[in-house]
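These are the residues of each chain, in order.
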Amino acid sequence: MTAIDLKTRVREVDDFPEPGIGFKDITPLLLDHVALGQAVDDLSAWTAERKPDLVLGAEARGFYLGAAIAKEVGCGFLPARRPGKLPPETVTARYLLEYGENALEVASYAIAYGARVVIHDDVLATGGTVEAIAGLVEQLGGHVVGINFVIELSFLEGRKRLGGYDIYSLIEY
Ligand code: AMP
């Protein structure tokens, strides 16, 4: 079967959530089960080669595919959540976004010393989100063995910021 051009399943919304931001909405991809399957299969194949113990997904859009990838690979899934959502004990990272600022937490017991972790999110913009999450993984003694995305906004040079990591994305702008 011919592969779908996944870019055709992304809706581009200008000036959302702020003027000047070109928002990439992956809802059409989620609505199309064939495109969704293709995205999960592709990201899972890349992830499996890194032999992770865990896939870590960033709230909220990293949850859409993150748990599906973990299930395909045969490893656990760990959510990174906004402050106040997870019960203690947690570790927290604060960071700046393309728009605004944010903080994410993970359960501190969930990453064993030496655990191999692949981080997943929907969009790589400036790279601040996954850089902060990678810092949490490493603070807990884990190894970030890969980071993948549905979409990479290459003009923001997030890949450069994440220079030391093994990075993969399905769709590039
Ligand atoms: P960053 O930390 O700058 O790489 O931003 C990545 C995070 O912000 C991801 O969790 C995305 O969901 C969200 N994000 C940033 N820019 C966009 C965009 N243009 N379209 C959709 N989501 C975005």
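Here, every reference points to the structure presented above.
Rules behind the numbers
- Residues numbered from 1 in each chain as written.
- Predicted model: local features only at pLDDT ≥ 70, side-chain atom pairs only at ≥ 80, totals over all residues.
- Heavy atoms only, no water.
- Helix = DSSP H or I, 4+ residues; strand = E, 2+ residues; numbered from the N terminus.
- Rg over C-alpha atoms; globule rule 2.2 N^0.38 Å.
- Buried < 20%, exposed > 50% of the residue type's maximum accessible area, 1.4 Å probe, protein only.
- Areas by Shrake-Rupley, 256 points an atom, 1.4 Å probe, with all protein chains shown as cover.
- Lys, Arg positive; Asp, Glu negative; His and termini not counted.
- Charge placed at Lys NZ, Arg CZ, Asp CG, Glu CD.
- Phe/Tyr/Trp six-rings, centres within 6.5 Å; stacked < 30°, edge-to-face > 60°.
- Contact = heavy atoms within 4.5 Å.

Undergrad: I'm lost on the overall build of the protein in this one. Help?
TA: Of regular secondary structure, the protein possesses five helices and nine strands. In the protein, the order of α-helices and β-strands from amino to carboxyl end is β-β-α-α-β-α-β-β-β-β-α-β-α-β. For a compact globule of 173 residues, the expected C-alpha radius of gyration is about 16 Å, and the protein comes in at 15 Å, within 12% of that figure. Overall, the C-alpha framework of the protein stretches about 40 × 40 × 30 Å when taken along its three principal axes. By the burial criterion, 47% of the 173 residues in the protein qualify as buried. Approximately 8600 Å² of the protein is accessible, and the part contributed by carbon and sulfur atoms is 51%. Distance between charge centres in the protein, computed from 16 positive and 25 negative side chains, equals 2 Å.

Undergrad: Explanation requested: the packing of aromatic side chains in the structure shown.
TA: Describing an aromatic ring pair means giving the distance of the ring centres and the angle of the ring planes. All told, the structure shown has three aromatic pairs when counted by the stated rule. Seen in terms of ring centroids, Phe 16 and Phe 23 are 5.1 Å apart; in terms of plane orientation they differ by 85°. Their pairing is edge-to-face. Centroid distance Trp 46 to Tyr 168: 5.5 Å. Interplanar angle 10°. Geometry classified as stacked. Residue Trp 46 is found in helix α2 (residues 33-49), and its partner Tyr 168 is found in strand β9 (residues 167-172); the two are separated by 122 residues along the sequence.

Undergrad: Would you explain unusual backbone geometry in this entry?
TA: Peptide bonds are trans in most cases, and residues, glycine excluded, mostly fall at negative phi. Along the chain, Phe 16 connects to Pro 17 via a cis peptide bond; the corresponding omega equals 0°. Looking at the secondary structure, you find Pro 17 in the loop between β1 (11-14) and β2 (22-25). In this model, Glu 59 is joined to Ala 60 through a cis peptide bond whose omega is -5°. Look at Lys 51: it is not a glycine, yet its phi comes out positive at around 50°. Inspection of the secondary structure assignment puts Lys 51 in the loop between α2 and β3 (54-58). A positive phi angle, near 60°, is found at Glu 157, a position not held by glycine. Following the sequence through the fold, Glu 157 ends up in the loop between β8 (143-152) and α5 (158-161).

Undergrad: It is not clear to me how the environment of Ala 112 should be interpreted in this structure. Could you clarify?
TA: In this structure, Ala 112 sits in the loop between β6 (101-107) and β7 (116-124). Taking relative accessible area as the criterion, Ala 112 reaches 48% and is therefore assigned partly exposed. As a C-alpha pair, Ala 112 and Asp 53 span 59 residues in sequence and 9.3 Å in three-dimensional space. Setting aside residues up to four positions removed in sequence, Ala 112 forms contacts with Gly 141 and Gly 142.

Interpretation note: all reported values are geometric properties and have no functional meaning in isolation.
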